[in-house]
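Structural overview
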Amino acid sequence: MVTDSRPSDPAWRGASGPIAVLIGPPGAGKSTTARLLADLLGVEADDTDDMVEQRTGRDIPTLFVQEGEAFFRAVERDCVAEALSTRSGVLALGGGAVLDPATQAELAGRPTAFLDVQLRDAARRSGFDRGRPLMSLNPRGQWLQLMAARRPIYERLATIRVDTGSATPQQVAQLVAEALGLVAADE
């Protein structure tokens, strides 16, 4: 299911930067959808979590342990800003990237898809025990708390919302492409 909050004449058409930005909680399928959507559209896919790891030379769980969340968020904010200004394909943001006010301001008016997912589907898809530092203890409870805090931000920033629960990753990519007007329906 897709919910569309775009104005009738989207200001993002013809703007520079990514043609689609994917946001949502852990387990929503942002990274997978970004790759599939990019393949569908013949463009590059980027993931800010990958950019953080490349920039620091460490994986995200290690960054959290060695440097703390504040350090990670600062690097993440810089990577998001860089990607929004220099990348032109599909961009997947880490689940918490939207918490930064500067990132929120930079996302305003961009073609942004909120990939929404329920807890049972997120847990099944990603397993909460693999490399998710904010969900290392009581992952289901922590995921619910994250969503309670982040859902209003995701919804406010999103151009469209796609419920990913009953769709395959390919279907989600197609829904995003159609809803953002990047391909014709049933293409």
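Residues numbered from 1 in each chain as written. Predicted model: local features only at pLDDT ≥ 70, side-chain atom pairs only at ≥ 80, totals over all residues. Heavy atoms only, no water.

Moving on to the side chain of T33. Relative to the helices and strands, T33 resides in helix α1 (residues 30-41). Apart from the residues within four sequence positions on either side, T33 is in contact with L22, L115, V172 and A173. (Helix = DSSP H or I, 4+ residues; strand = E, 2+ residues; numbered from the N terminus. Contact = heavy atoms within 4.5 Å.)

Tallied over the entire structure, the rule returns two aromatic pairs. Ring centres 5.0 Å apart and planes at 40 degrees place the aromatic pair F64 and F72 in the tilted group. For F64, a relative accessible area of 15% gives the class buried. Residue classification places F72 among the buried residues on the basis of a relative accessible area of 3%. (Phe/Tyr/Trp six-rings, centres within 6.5 Å; stacked < 30°, edge-to-face > 60°. Buried < 20%, exposed > 50% of the residue type's maximum accessible area, 1.4 Å probe, protein only.)

Another point: the pairing of strand β2 (residues 20-23). Neither face of β2 is left uncovered, since the one carrying A20 and L22 and the one carrying V21 and I23 both have all their residues buried. For β2 and strand β4 (residues 90-92), the ladder comprises three bridges, and the chain directions are parallel. Following the sheet pairing, V21 is matched in β4 by L91. Two strands pair when backbone bridges link them, and β2 and strand β5 (residues 112-116) are joined in this way by three bridges, in the parallel orientation. Residue pairing in the sheet places I23 in a bridge with F114 of β5. (Pairing = 2+ DSSP bridges.)

What follows deals with the pattern of salt bridges. For the coordinates displayed, the defined rule picks out ten salt bridges. Linking R151 and D116 is a salt bridge whose minimum nitrogen-to-oxygen distance equals 2.9 Å. Taken together, the residues R151 in helix α7 (residues 139-157) and D116 in strand β5 connect sequence positions 35 residues apart. With a relative accessible area of 4%, D116 lands in the buried category. Three or more residues joined by partner-sharing salt bridges are found here, namely D46, R55, E82 and R87. (Salt bridge = Lys/Arg side-chain N within 4 Å of Asp/Glu carboxyl O.)

This next bit is on α7. Every α-helical turn comprises 3.6 residues, leaving residues that sit three or four positions apart pointing alike. If you check α7, its first and last C-alpha atoms are 25 Å apart, about what 19 residues at 1.5 Å a residue would give, namely 27 Å. Along α7, the sharpest change in direction is near 45 degrees and occurs at R150; proline P152 comes one to four residues later. W143, L146, M147, R150, I153, Y154 and L157 are the residues of α7 that are buried. (Expected span 1.5 Å × (residues − 1). Bend = angle between axes of the 7 residues up to and from the residue.)

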